[in-house]
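Observations on chain architecture
Each chain, letter by letter, is given below.
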Amino acid sequence: MIKTMRDAAHNYPWLLKSIMGLLAVAFVITMGWWGFGEQAGGPVAKVGDQSVSLDEFKRTYENMHRIYKDNVKTDFKEEEFKEFVVGQLVDSRIWIIAAEEMGVRVSDADLRELIMQTPVFQKNGAFDPELYKRILAANHLTPASFEAIQHQEVLANKARMIVRDSVALTPAEIAEGQSLMTRPQDSDQAKAAEAKQRVLDDMLLQKQQRALVSFQQSMKAKLPITIRRELL
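Now for a quick tour of the structure. Since the structure is predicted, the reported quantities are computational estimates derived from the model, not experimental observations.

Membership of the largest hydrophobic core comes to 42 residues, with the highest contact counts inside it found for Phe57, Phe81, Val85, Trp95, Phe121 and Phe146. Counting only elements with at least two residues in this core, the list comes to β1 (45-47), α3 (54-71), α4 (78-102), α5 (108-116), α6 (129-138), α7 (143-165) and α9 (189-222). The element best represented in this core is α4, accounting for twelve residues.

Here the structure, examined in full by the defined rule, presents eight aromatic pairs. Centre to centre, the rings of Tyr61 and Phe81 are 5.4 Å apart; their planes meet at 80°, and the pair counts as edge-to-face. You can see Tyr61 sitting in helix α3 and its partner Phe81 sitting in helix α4, a full 20 residues away along the chain. Judged on exposure class, the residue Tyr61 and its partner Phe81 are both buried. Here the aromatic rings of Phe121 and Phe146 are separated by 5.6 Å at their centres, their planes lie at 85°, and the arrangement is edge-to-face. Placement of Phe121 in the loop between α5 and β3 (122-123) and of Phe146 in helix α7 is noted, with a sequence separation of 25 residues between them. Just as Phe121 is buried, Phe146 falls in that class too.

Attention now moves to α9. For α9, built from 34 residues, the straight-helix expectation of 50 Å at 1.5 Å per residue is met to within 8% by its first-to-last C-alpha distance of 50 Å. By the burial criterion, the buried members of α9 are Ala192, Ala195, Leu200, Met203, Lys207, Gln208, Leu212, Gln216 and Met219.

Time to look at the sheet that holds β1. Sheet strands line up and pair through hydrogen bonds in the backbone, either parallel or antiparallel. Spatial strand order, β2-β1-β5: three strands in an open sheet with antiparallel pairing. Only two strands of the sheet have a single neighbouring strand rather than two, namely β2 (50-52) and β5 (225-227). Taking each pair of neighbouring strands and ignoring which way they run, the sheet shows an average axis angle of 15°. Sheet analysis places β1 next to β2, joined by three bridges and oriented antiparallel. Directly across from Lys46, in β2, lies its bridge partner Ser51. Contacts between α4 and the sheet are confined to β1, β2 and β5, with β2 contributing the most and set at about 160° to the helix.

Rules and cut-offs
Residues numbered from 1 in each chain as written. Predicted model: local features only at pLDDT ≥ 70, side-chain atom pairs only at ≥ 80, totals over all residues. Heavy atoms only, no water. Core = buried A, V, L, I, M, F, W, Y, C linked by side-chain atoms within 4.5 Å. Buried < 20%, exposed > 50% of the residue type's maximum accessible area, 1.4 Å probe, protein only. Helix = DSSP H or I, 4+ residues; strand = E, 2+ residues; numbered from the N terminus. Phe/Tyr/Trp six-rings, centres within 6.5 Å; stacked < 30°, edge-to-face > 60°. Expected span 1.5 Å × (residues − 1). Pairing = 2+ DSSP bridges. Axes fitted to C-alpha atoms, helices over the stretch in contact; angles between N-to-C directions. Contact = heavy atoms within 4.5 Å.

This is how it looks when you write it as structure tokens:
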């Protein structure tokens, strides 16, 4: 079942992006408040100097379960789904550490833009500061605590973008991609060019995905990772 979910994340990259990128917002409007402090028993997981609290795990579990149920339409066994969720949270910490090692920074302007573009905080298509404060207050969140979560997500995403953007197709790979166009040349030159570009774009995307996985695995190999499954 975990393989099914991982395949879903691979086949529907937009879905995984929405899950990990919008969790901090999603729980605000669908669940309510779990709290941010560490609970008795300590963190669920530790990755280097980063930790995952039981509160965060609970929020993430509930939201990921809802999003997958609504979009992937697959039945999940609870224990296996918990393993998948904690694995995603561990991966997020790995990218935060990677960002720190890369010297990546998140400016106030970056964070402000992200929050202002979040639909749930908009009214009539524009960011509404009072709505923003009301939604956070209704869920016992301060702007500072919510923005701290978003700061980490932006940091991790910047690290992913650095790895992704470092990948390019070689001349040999481009030639190989062009050779895959086995169907007769479209009489419409514009359409033929678009078709060739789609092939190359797909090849590049796959190469970028492999690079991201490889980089993440190399980080995992050098970082101490502890998961307390009895707390899940």
